[in-house]
Amino acid sequence: GSLGTNSTKRFSNSVSLSGLYSVNHFVYHSPDLYDSTFTTHNLNVRAAYFASNTLTVTLNQSNTITNGKSQNISSGITGVTTNSPQYFNPRNGSTDITSSYRSITNLSASWNPKPRLFLTLSITEDIFKQKESGRSDITSVENQIRYSSQALTLSSINKYANTSSRELNNQSNSISSE
């Protein structure tokens, strides 16, 4: 089930708030093998501040908590067979998940000073902690510049990411530009 809410202009012309909570509970029963349950809780909140007609600051927070043993969901519809995991480790794709916590926080500012010029700066912190493998963090900073006219469009996207994994005692950095 899920429950969500959004603010309206009646609340504020310069601030927008929203939130969504959802929970899913799966029960797996196999007469020959074992019984298993798996639960996911998701909480997403968003706040946006419209400082002016050209400047917006946004904060997004997403939390996912899992508990239990993740199973594959299978379907044997005639002619089509699917086998999809309920949840997977976002760092390595492993589907062998029991309890985990993931938090993604994003703060961004968008500025549109001229009708054809658009600038964005975004900072994201992605934390994933799993009972079996410890904690892994990804911190990233991204900027985007876009200019467009009738005859020309110029765009630049630059991203820096720092990844640290306490389970592997390792850290890496990456820089990309488009």
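Residues numbered from 1 in each chain as written. Predicted model: local features only at pLDDT ≥ 70, side-chain atom pairs only at ≥ 80, totals over all residues. Heavy atoms only, no water.

Asks: I'd like a rundown of the pattern of salt bridges, residues and numbers included.
Replies: By the definition in use, this model includes two salt bridges. With a closest N to O distance of 2.6 Å, D126 and R102 form a salt bridge. Taken together, the positions of D126 in strand 8 (residues 117-130) and R102 in strand 7 (residues 100-114) put the pair 24 residues apart, joining distant regions of the chain. (Salt bridge = Lys/Arg side-chain N within 4 Å of Asp/Glu carboxyl O. Helix = DSSP H or I, 4+ residues; strand = E, 2+ residues; numbered from the N terminus.)

Asks: Could you give me a rundown of a nonpolar patch on the surface, with the residues and numbers involved?
Replies: Together, Y49, V57, L59, L107, L121, I123, V141, Y160 and I175 give the surface a local cluster of nonpolar side chains, amounting to about 800 Å² of exposed area. Broken down by secondary-structure element, the contributors of at least two residues to the nonpolar patch are strand 4 (55-68) and strand 8. Tracing the chain through its elements places Y160 in strand 10 (residues 153-165). (Patch = residues over 30% accessible without salt bridge, like charges linked within 9 Å, V, L, I, M, F, W, Y side chains within 5 Å. Areas by Shrake-Rupley, 256 points an atom, 1.4 Å probe, with all protein chains shown as cover.)

Asks: Give a detailed account of the environment of W111, specifying residues and quantitative values.
Replies: Relative to the helices and strands, W111 resides in strand 7. With sequence-adjacent residues up to four places away left out, W111 is seen in contact with T54, L55, L117, F118 and L119. (Contact = heavy atoms within 4.5 Å.)

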